[in-house]
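These are the residues of each chain, in order.
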Amino acid sequence: MKFSANWISELVPGLAVSPQELGTLITTKTAECEGTEAYAPFLDHVRLVRVVDVKAIEGSKNVYATIDAGPLGMKNVVCGAPNCRAGILAAWVMPGAELAGGKKIGKAKVSGHESEGMLAAGDEIGVNREHDGILEFSEGEPGARLAGIVPDHVIEIDNKSLTHRPDLWGHHGMAREVAAITGMALRDPAPQVSWDGAPALQVEIEDYELCPRYSALVFENVTIGPSPLWLQYRLEAIGLNPISNIVDVTNFVMAELAQPTHAFDADLLKGETIYVRRARAGERVRALNEEEYTLDEQALVIADAGGGGDCGRDWRAADGDHDGTKRVVLESANFQAASIRKTSSRLKLRTDASMRFEKAQDPRNTVRALARCWELFQVVSPGIRLVGGLIDNAAPMKAAPVIRLELDWLNRKIGRVVEPGEVARILRSLEFGVEEAGAGVLTVTVPSWRATKDVSIAEDLVEEIGRMIGYSSIPPQPPLVPAAPPPASPEREFQYALRLQVAAQGFTEVYNYSFLSEERAARFGFAEAEHVHVLNPIASDQGLMRVSLIPRIVQNIEDNARHMGEFRLFEIGNEVHKAAGAAGGAGSGAAGGAGSGAALPRQIPHLAAAVFSKEGDGQAGLFELKRLAEIVAPGVEVERADEARGFEHPKRVWRLRWQGEVVGRLFELHPSQCEAGRGAVLDVDVEALYRLKPAGARHKALRRFPVSEFDLSVLTPLREEVGVVRALIARHGGVQVLGVEFVRQYTGAPLAEDEKSVSFRVTVGAADHTLAAEEITGLREGMIEAVKAAGYQLRM
């Protein structure tokens, strides 16, 4: 999230620390600052000027303008903007300035005329995103700086460090922290307003759990138009797009007070009552992005008597499409955080407002936001009038939590002594209420903006004191607790050893999310109903728990293939399968919570390894993975699979059998899944490996009698698997066959094109004597007969 250093300084008058120091203070005391970046530093070289004269340049769309720069004198500028005309006030970038992107401004000859500097459009100096013409100002003296448009610094805060602090999603909340850290006073931008008159509308709330408070105001004599340039600049600096005066004020207040507001055309409202209710099953609304969404009964809708919701375009305040808007309803409401989060995730619709609502905003903040909007509306829309009084429907406000804080206990928890006066000062600077409740005891009242989901127990106050005194001030001491080794975990040790084995073969380990999108699962032929669904996914494309590691491994291949011609990688992770007997469907087997007695999904560890190359026929990768399988499961047998799955090459897929059980698959990816080259994949059930692993190596005495070896070369069809022939030879040698080793494969003349010669080295021997020549010959002839009986020929 972006914060403006200038904005914070306005809310903490007299703040004298640099933006870089401010970022460091925020990081050490409040939230993680990812960086501080200067915004529009070139504005020091921009001045307000009046265009005195404009002359056309023959043969060019540009004009030659004479400008009055006040104390800086008269200047001449070549300008191509269609709105450059005599009499307007414009922004002049002086020679010597360097704009964003490194664009340097100087004196130059343009269209045959000397030009000193340039007249700027809004996007060129960071005021807005307009480039159709140069900026026009309504007032000011030539030669002056641009009012309210000065160099700023943007402080980038990591959103994850703000999730528990709804108050920090606005500049006022962050300024409160800065004021407490620096010992300065905080200015509240929201005015105190007395709301006189009867409400112009009524509000009915169906469920106060989903909407604890709904406040609104009605305005008339509204003028829709562009915002003042200072307001556009303030929004642009923090990444918000200026739209129109009314909409920009709502965004400004959201960024300042962390309270979203929404303005819509009052004349399009049907009836005199606003209804806050659950959506009806199948109800459809059109959002501001012009997309239409189908709601379920868990969504919340703000509707009128005609049934329309304020998601709908018909309610929207004018922002260029509704130029006839004269009356506006301004909404400022408080919604249940979980409801907003679930609906936005389900609809895949995240906005700046929804991100704040899902952090559990303070219901007392709704009226403060209305007061601030009313104040700014009078600036941006002169003549605007308030109709009636405050519209406000709310559940009874919860009493402020009161926490008993024992100072001796606090000091033990922190690890150093903090004086009682310092404790009280810190808490009061953060606007907690503090009262003495006896010797060494304080009662602390939590402010409403910290009570929604943040501070509720004494340990939370320990954190408040600790971060403000600085964790560096606490002397480090090892904990005085018994140190005991953790219980052994044989499964974890087995997986760790497996990782080392695979990595030692040159494979790079990857870590992938355990989540998948519905689209990616369907690409690999995995039915959505097979998956465990995530109730509250962290992203719209991560709603399913994976039932296989393959989709993510293939994504790794796709990503790396853009940069490398060949590589090998692996992952050891869990497949997540529904519990036995769990019904299918989108709502079943959901992760994130289970009812009483519900069976938990089953997690099965798997090893997925891949070898990719843009060159070759893919055989090398398959053999390399076969070798890896023999390392992790010595003696594993590779046999042709009965059928290939959709993402597997139909002619290159095998089962892995070990200790009599199928423990995995070896295959080449289907060409449609790996268009950049050849990808071979090994998928092994690690749970089965662990269960079937030998109990331990046993001593085996050295052989007392020598062994003998002989070679056999067999002619087979070109695509015959070597393992089939090898198994045939071994099977017909009995216990005296100690090994059958593949030696080489040959194709070419004088063999036919559809033939190959496969050579094996056979090792034979007996445990109780040395085999005689006759015995060896008998074994060899038996193998030859078996080979011929199977339809193969012996190559002599």
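Shown above is the structure to which this text applies.
Residues numbered from 1 in each chain as written. Predicted model: local features only at pLDDT ≥ 70, side-chain atom pairs only at ≥ 80, totals over all residues. Heavy atoms only, no water.

Explain the overall build of the protein to me, using residue names and the numbers behind them.
Helix and strand counts for the protein come out as 18 helices and 35 strands. A compact globule built from 796 residues would reach a C-alpha radius of gyration of about 28 Å, whereas the protein, at 37 Å, exceeds it by more than 25%. Summarising its shape, the C-alpha atoms of the protein cover approximately 115 × 85 × 60 Å along the three principal directions. Residue burial in the protein is summarised as follows: out of 796 residues, 48% are buried. Put simply, 71% of the contacts in the protein that link residues at least 6 apart link residues at least 24 apart. Accessible surface, the protein: about 39100 Å² in total, of which carbon and sulfur atoms supply 51%. Distance between charge centroids for the protein: 4 Å, based on 87 positive and 108 negative side chains. (Helix = DSSP H or I, 4+ residues; strand = E, 2+ residues; numbered from the N terminus. Rg over C-alpha atoms; globule rule 2.2 N^0.38 Å. Buried < 20%, exposed > 50% of the residue type's maximum accessible area, 1.4 Å probe, protein only. Contact = heavy atoms within 4.5 Å. Areas by Shrake-Rupley, 256 points an atom, 1.4 Å probe, with all protein chains shown as cover. Lys, Arg positive; Asp, Glu negative; His and termini not counted. Charge placed at Lys NZ, Arg CZ, Asp CG, Glu CD.)

Tell me what's going on with the environment of His531, and back it up with residues and numbers.
Position of His531 relative to the elements: it lies in the loop between α13 (518–523) and β25 (544–545). Among the residues examined, His531 registers a relative accessible area of 0% and is labelled buried. When the C-alpha atoms of His531 and Arg346 are compared, they prove to be 17 Å apart, with 185 residues separating the residues in sequence.

Which residues make up the packing of aromatic side chains, and what values go with them?
This model, assessed by the stated rule, comprises 13 aromatic pairs. Plain terms: the ring middles of Phe219 and Phe377 are 5.2 Å apart, the flat faces sit at 85° to each other, and that makes the pair edge-to-face. Within this pair, whereas Phe219 is found in strand β12 (residues 213–220), its partner Phe377 is found in helix α8 (residues 365–380), the two being separated by 158 residues in sequence. Of the two residues, Phe219 and Phe377, neither departs from the other in class, the shared state being buried. If you follow Arg568 out to its NZ or CZ, it ends over the ring of Phe507, 5.0 Å from the centre. (Phe/Tyr/Trp six-rings, centres within 6.5 Å; stacked < 30°, edge-to-face > 60°. Lys NZ or Arg CZ within 6 Å of the ring centre and 35° of its normal.)

Could you give an account of the sheet that holds strand β10 (residues 152–157), naming the residues involved and the relevant values?
Read from one edge to the other, the open sheet built from three strands follows the order β1-β10-β2, with strand pairing classed as antiparallel. Each edge of the open sheet carries a strand with a single partner, namely β1 (2–4) and β2 (33–39). Here the average twist between neighbouring strands, direction ignored, is 25°. By the bridge criterion, three bridges tie β1 to β10 in an arrangement that is antiparallel. When the bridges of β10 are listed, Lys2 appears paired with Glu156. (Pairing = 2+ DSSP bridges. Axes fitted to C-alpha atoms, helices over the stretch in contact; angles between N-to-C directions.)

Outline the pattern of salt bridges, listing residues and values.
In total, this model carries 51 salt bridges according to the counting rule given. A salt bridge links Glu256 to Arg372; the shortest N-O distance between them is 2.6 Å. Within this pair, whereas Glu256 is found in helix α5 (residues 245–257), its partner Arg372 is found in helix α8, the two being separated by 116 residues in sequence. According to the relative accessible area criterion, Arg372 is buried, its value standing at 10%. (Salt bridge = Lys/Arg side-chain N within 4 Å of Asp/Glu carboxyl O.)

Outline the environment of Val247, supporting the account with residue identities and numerical values.
Mapped onto the elements, Val247 comes out in helix α5. Note: C-alpha distance between Val247 and His262 (15 residues apart in sequence) is 7.8 Å.

Explain helix α4 (residues 229–237) to me, using residue names and the numbers behind them.
For α4, the tally of buried residues reaches eight of nine residues, placing the bulk of the element in the interior. Taken together, the buried positions of α4 are occupied by Leu229, Leu231, Gln232, Tyr233, Arg234, Leu235, Glu236 and Ala237. Lining the buried residues of α4 we find β1, α1 (5–11), β2, β10, α5 and α8. Phi turns positive, to about 90°, at Gly239, one or two residues after α4.

Give a detailed account of the pairing of strand β20 (residues 402–406), specifying residues and quantitative values.
Where burial is concerned, the two faces of β20 differ: the one with Ile403 and Leu405 is buried and the one with Val402, Arg404 and Glu406 is not. By the bridge criterion, five bridges tie β20 to strand β22 (residues 441–445) in an arrangement that is antiparallel. Pairing of Glu406 across the sheet is with Val441, part of β22.

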